[in-house]
Amino acid sequence: MRDDHLLTAKQLSREDVEEVLDRAAEFDADPSAFGDRHEDAILGLCFFEPSTRTKMSFETAIKRLGGDSVDMGTVESSSVKKGESLADTARVIAGYADALVLRHPSQGAAKMVGEFVDVPLLNAGDGAGHHPTQTLLDLYTIRENAGLDDITIGIMGDLKYGRTVHSLAHALTNFDADQHFISPESLKLPRSVRYDLHEEGANVREHTELDEILPALDVLYVTRIQRERFPDENEYQEIAGEYGIDLETLEPAKEDLTVMHPLPRVDEIAPEVDDTDYATYFEQAHNGVPVRMALLDQMLEADR
Amino acid sequence: MRDDHLLTAKQLSREDVEEVLDRAAEFDADPSAFGDRHEDAILGLCFFEPSTRTKMSFETAIKRLGGDSVDMGTVESSSVKKGESLADTARVIAGYADALVLRHPSQGAAKMVGEFVDVPLLNAGDGAGHHPTQTLLDLYTIRENAGLDDITIGIMGDLKYGRTVHSLAHALTNFDADQHFISPESLKLPRSVRYDLHEEGANVREHTELDEILPALDVLYVTRIQRERFPDENEYQEIAGEYGIDLETLEPAKEDLTVMHPLPRVDEIAPEVDDTDYATYFEQAHNGVPVRMALLDQMLEADR
Amino acid sequence: MRDDHLLTAKQLSREDVEEVLDRAAEFDADPSAFGDRHEDAILGLCFFEPSTRTKMSFETAIKRLGGDSVDMGTVESSSVKKGESLADTARVIAGYADALVLRHPSQGAAKMVGEFVDVPLLNAGDGAGHHPTQTLLDLYTIRENAGLDDITIGIMGDLKYGRTVHSLAHALTNFDADQHFISPESLKLPRSVRYDLHEEGANVREHTELDEILPALDVLYVTRIQRERFPDENEYQEIAGEYGIDLETLEPAKEDLTVMHPLPRVDEIAPEVDDTDYATYFEQAHNGVPVRMALLDQMLEADR
């Protein structure tokens with residue numbers, strides 16, 4: 001397997017991460033200034049499940065670098081319907097493109113595909129597995145707003161099923177960050193994740209109430225609580241209400257608190273928060289572009 | 001709200017319209033000659049309902065200007081399905097792109113989105129509301145073929161529900177055009193539209209028969225009569241037959257009559273008309289490109 | 001009708017084919033080196049049925065030439081749903097683009113559209129009709145691996161319904177190739193195709209067993225046997241097994257046998273064959289790009 005695939009954030013050392021974020025900052029300073037950097041590059045987009053946001057920001061990233069993308073479209077319209085294997089589909093598209101982005105519902109799909117293709121591969125999420133570019137854009141947003149060392153970060157919401165959260169928590173163990181996890185009992189961090197974080201030396205605390213810890217936070221990362229996890233609609237409503245934030249909730253917060261959310265949000269953050277200086281989630285979504293530009297630039301450079 | 005959004009044709013003065021049409025004429029003279037004009041521009045396409053023609057001509061326009069587009073895809077595959085609000089979706093895409101195009105089934109959607117996004121927004125149709133780029137390409141086509149002043153124009157077909165028609169009629173009040181509306185009783189102009197046109201000083205006449213007025217027309221704008229408006233199939237067939245045109249119908253017309261149609265047509269214009277000099281509807285469709293190039297160029301220039 | 005449409009491989013003489021393949025070889029040598037060749041070209045993609053592979057390789061081809069594409073999307077989302085005729089849809093898109101690619105389920109669709117549009121048209125498959133770009137990429141792959149003269153080629157699988165196979169067989173009659181057809185009785189070449197090949201002077205033999213002829217082959221072209229052709233699942237399984245290949249099947253083959261397949265494959269070629277020097281099907285898929293670059297380049301050059 002090529003060693004320049006990006007399959008998981010875990011493969012990146014602190015130095016690797018910092019290199020990507022530094023490069024992203026250069027692109028972010030003037031995203032329209034790099035249109036002649038990879039004019040001949042074509043990125044193959046293999047999305048086996050829909051993910052508008054991730055796909056659009058990859059497309060924007062390669063186009064801001066002067067390149068272009070080709071998209072296999074939906075699974076329904078593709079050869080997958082005719083019974084083609086994932087390895088075959090990926091190899092055919094790798095024969096067209098200079099790098100591939102893969103999104104797939106099955107954990108481990110990216111690693112498997114990585115064994116077959118002979119162009120660099122970027123994992124854009126494989127089921128309950130990894131989603132390293134999301135982690136990197138989260139880290140970038142934290143660094144730009146609060147720094148990555150000497151910070152206290154709260155991560156709130158669905159900590160049980162949230163891939164984003166597990167990956168971010170692992171990545172933060174490379175930095176000097178105090179991590180606080182806030183959730184209802186039923187959506188706590190899985191034991192295995194908690195164990196791994198301890199093993200990696202993370203400073204981890206768990207809470208069931210946000211107000212226990214809110215005044216100490218530099219960053220509050222809110223995630224979506226999915227309605228479908230709750231058989232009972234009333235129970236969902238109650239929990240969603242308790243782990244959502246609005247202006248009143250945020251009163252005890254530090255003035256320079258950074259509020260993040262991977263989006264889409266439903267009711268977790270009241271729209272009234274959008275106009276405050278806390279709101280960093282649209283900036284966070286935007287950061288997907290410079291961070292993915294940095295990753296693509298690195299891969300395409302190395303592959304020349 | 002930014003003042004460079006294009007939400008409705010009504011916001012454009014006669015001078016504004018003429019500036020756009022003049023610029024469109026420059027692009028139309030050699031559409032392939034402007035490929036270095038906006039090389040770093042990315043246009044975000046937010047189509048909340050399908051509209052192949054409008055979307056493709058916007059895509060062609062930005063690409064002919066050297067730029068590129070990113071497309072949120074269908075609503076079914078997007079975050080909208082997860083319950084995301086229109087304002088959130090639009091803000092995320094605005095974080096990727098340099099300008100947005102919005103198509104939405106709800107009247108007023110463009111104005112609402114315009115309040116949230118910080119890049120220029122082009123309304124590409126919001127329900128029964130506005131569709132200013134269609135109006136401008138209609139005006140451009142009329143000007144190129146018959147001029148915009150001292151003309152007699154007939155507008156025929158579904159005048160009750162046709163947004164295109166209402167918007168064009170309003171826009172023509174800026175020019176010295178006699179307007180004749182031809183339709184069955186059941187599909188006449190709504191009273192409110194007629195009232196507004198009178199208020200704006202338009203010279204408006206209504207007819208139920210085309211042959212009453214055809215010989216006087218410089219332009220005949222035919223619109224589609226939608227089958228689904230008629231509970232009774234026979235009634236539909238009869239009316240569609242009466243308000244459709246063919247070579248025989250057109251015999252009393254002026255030699256240089258310009259026949260337009262926003263397309264797609266079904267039975268309103270017989271294919272035998274396509275080969276005559278009357279037929280201007282494919283040219284009209286083509287004109288969507290230079291007119292949208294002109295609008296995008298104006299917005300992207302102003303936003304530099 | 002314009003004479004620069006590519007509607008069928010039959011319109012190409014041996015010299016025409018060789019010119020395309022020579023040009024393809026130049027592009028293939030360094031596909032990223034031609035990004036300034038057609039920077040202002042826009043290719044219109046009209047796919048009335050899904051065909052990921054063909055569409056993606058056309059998109060890649062025009063982008064490698066520096067141009068771009070606009071895509072009408074799926075039939076479900078297009079004006080076709082509103083009752084628009086194929087001729088109208090094609091004419092509208094021809095008004096945006098510099099050349100068109102058409103894929104349609106109805107035989108003869110490309111020829112019909114060719115009569116209406118005033119930009120060059122490439123037929124990318126019309127029902128049981130023609131698919132000339134597939135034939136050319138097959139010829140290119142054969143030439144690169146075994147040469148096109150003095151070869152013995154075996155074509156195996158579904159020879160009754162396989163458009164790809166009929167078109168390739170016809171094209172090979174321009175060259176000095178011995179053709180062997182291997183299939184179960186129920187999927188033999190149609191009598192009319194066999195007759196035409198004889199008329200064109202082809203040296204054609206038919207077999208029901210691969211091992212009768214395998215040792216003599218320079219090229220083995222395997223095609224998919226479609227499950228839906230067989231009312232009885234057991235019969236399908238038996239035949240699919242008999243006309244599939246694996247390492248054991250290939251033991252009697254020449255060392256430099258070239259194994260091809262138009263893909264997607266299901267069970268016709270065992271994955272263990274992928275790592276051998278026989279396997280040429282992924283290279284064949286890749287060859288769609290340089291061959292389509294060559295065709296587009298020729299058309300766009302001629303149309304300047």
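An unreviewed UniProt entry annotates chain A as Aspartate carbamoyltransferase of Halorussus caseinilyticus. Taken directly from UniProt, the Function (unreviewed entry) text for chain A runs: "Catalyzes the condensation of carbamoyl phosphate and aspartate to form carbamoyl aspartate and inorganic phosphate, the committed step in the de novo pyrimidine nucleotide biosynthesis pathway."

Within chain A, the regular secondary structure consists of 9 helices and 9 strands. Expected size for 304 residues packed as a compact globule is a radius of gyration near 19 Å; at 19 Å, chain A falls within 12% of this value. The dimensions of chain A, computed from C-alpha atoms along their principal axes, are 55 × 45 × 40 Å. Counting over 304 residues, chain A shows a buried share of 60%. For chain A, the exposed surface amounts to about 11,900 Å²; the carbon and sulfur share of it is 43%.

Further remarks concern helix α1 (residues 14-29) of chain C. All names here are of chain C. With 16 residues, α1 extends 23 Å from end C-alpha to end C-alpha; this agrees with the ideal 22 Å at 1.5 Å per step. Here α1 has its buried residues at V17, V20, L21, A24 and F27. An end-on view of α1 places all buried positions within 115° of arc, on one side of the element. Turned more than 90 degrees away from the buried face of α1, the exposed residues are E15, E26 and A29. Lining the buried residues of α1 we find α5 (132-146) and α9 (281-302).

The next thing to look at is the pairing of strand β2 (residues 68-71) of chain B. For a regular strand, side-chain orientation follows a simple rule: the groups alternate between the two sheet faces. One ladder, built from 4 bridges, connects strand β1 (residues 42-47) of chain B with β2(B); its direction is parallel. Of the residues in β2(B), the one forming a bridge with B:L43 is B:S69.

Let us now look at the relation of the copies chain B and chain A. Superposition record for chain B on chain A: RMSD 0.0 Å, screw rotation 120°, translation along axis 0.0 Å. Both copies of the chain, as the preceding transformation shows, are related through a three-fold rotation axis. Using C-alpha coordinates, one finds that chain B approaches the rotation axis most closely at B:D68, a distance of 5.2 Å. When the interface residues of chain B are mapped onto chain A, a mere 5% of them again lie at the interface, so each copy presents a different face.

Residues and elements named next belong to chain A. Partitioning chain A into structural domains gives domain 1 (9-130 + 288-302) and domain 2 (133-284). One C-alpha centre belongs to domain 1, the other to domain 2, and the line joining them spans 26 Å. Tallying the contact residues gives 27 residues for domain 1 and 20 residues for domain 2. Counting the surface lost from both domain 1 and domain 2, the interface buries some 1,800 Å², and carbon and sulfur atoms represent 58% of this.

Contacts between chain B and chain A engage 21 residues on the former and 23 residues on the latter. Taking both sides of the interface into account, the surface hidden between chain B and chain A amounts to around 2,000 Å²; carbon and sulfur atoms contribute 52%. Joining chain B to chain A, the criterion identifies 5 salt bridges. Where A:R64 meets B:D98, a salt bridge forms, and the shortest distance between an N and an O atom there is 3.0 Å. Contributions of two or more residues to the side of chain B that touches chain A are made by β2 and α3 (86-94) of chain B.

Here the focus is the relation of the copies chain C and chain A. For the pair chain C and chain A, the relating rotation is 120°, the translation along its axis is 0.0 Å, and the fit reaches an RMSD of 0.0 Å. Both copies present different contact surfaces, since only 5% of the interface residues of chain C are interface residues in chain A too.

The interface of chain C with chain A comprises 22 residues on the first partner and 21 residues on the second. Summed over both partners, the interface of chain C with chain A buries about 2,000 Å², with 52% contributed by carbon and sulfur atoms. Counting residues per element, the ones that place at least two in the side of chain C that touches chain A are α2 (52-64) and α9 of chain C. Among the elements that take part in the side of chain C that touches chain A, α2(C) stands out by supplying 8 residues, more than any other. Residues belonging to the side of chain C that touches chain A are distributed by class as follows: 8 nonpolar, 6 polar and 8 charged.

Time to look at the packing of helix α1 (residues 14-29) of chain B against helix α5 (residues 132-146) of chain B. All names here are of chain B. Packing of α1 against α5 leaves a shortest axis separation of 10 Å and a crossing angle of 70°. Here α5 runs roughly perpendicular to α1, going by the angle between their axes. For the pair formed by α1 and α5, the contact residues are V17, E18, L21, D22, A24, A25 and D28 on the first element and L136, L139, Y140, R143 and E144 on the second. Partitioning the contact of α1 with α5 into residue classes produces 7 nonpolar, no polar and 5 charged.

This part takes up the pairing of strand β5 (residues 151-156) of chain B. Residue and element names in this part refer to chain B. Across the 6 residues that make up β5, a large majority, 6, are buried. Residues of β5 alternate between two faces, with I151, I153 and I155 on one and T152, G154 and M156 on the opposite face, all of them buried. Across 6 bridges, β5 lies against strand β6 (residues 177-182) in parallel orientation. Note on β6: the bridge partner recorded for G154 is H180. Crossover β5 to β6 through helix α6 (residues 163-172) is right-handed. Inspection of the sheet shows β5 paired to strand β8 (residues 219-222) by 4 bridges, in the parallel sense. Bridge pairing links I155 to Y221 in β8.

Analysis parameters
- Residues numbered from 1 in each chain as written.
- Chains lettered and ligands numbered in written order.
- Predicted model: local features only at pLDDT ≥ 70, side-chain atom pairs only at ≥ 80, totals over all residues.
- Heavy atoms only, no water.
- UniProt positions renumbered as here; feature names shortened; annotations may be inferred.
- Helix = DSSP H or I, 4+ residues; strand = E, 2+ residues; numbered from the N terminus.
- Rg over C-alpha atoms; globule rule 2.2 N^0.38 Å.
- Buried < 20%, exposed > 50% of the residue type's maximum accessible area, 1.4 Å probe, protein only.
- Areas by Shrake-Rupley, 256 points an atom, 1.4 Å probe, with all protein chains shown as cover.
- Expected span 1.5 Å × (residues − 1).
- Arc of directions from axis to C-beta.
- Contact = heavy atoms within 4.5 Å.
- Pairing = 2+ DSSP bridges.
- Least-squares fit on C-alpha atoms with pLDDT ≥ 70 in both.
- Domains from an automatic or database assignment.
- Buried area = accessible area lost by both parts, 1.4 Å probe.
- Salt bridge = Lys/Arg side-chain N within 4 Å of Asp/Glu carboxyl O.
- Nonpolar A, V, L, I, M, F, W, Y, C, P; charged D, E, K, R; others polar.
- Axes fitted to C-alpha atoms, helices over the stretch in contact; angles between N-to-C directions.
- Parallel < 35°, antiparallel > 145°, perpendicular 65-115°, else oblique.
- Right-handed = clockwise from strand over helix to strand, strands pointing away.

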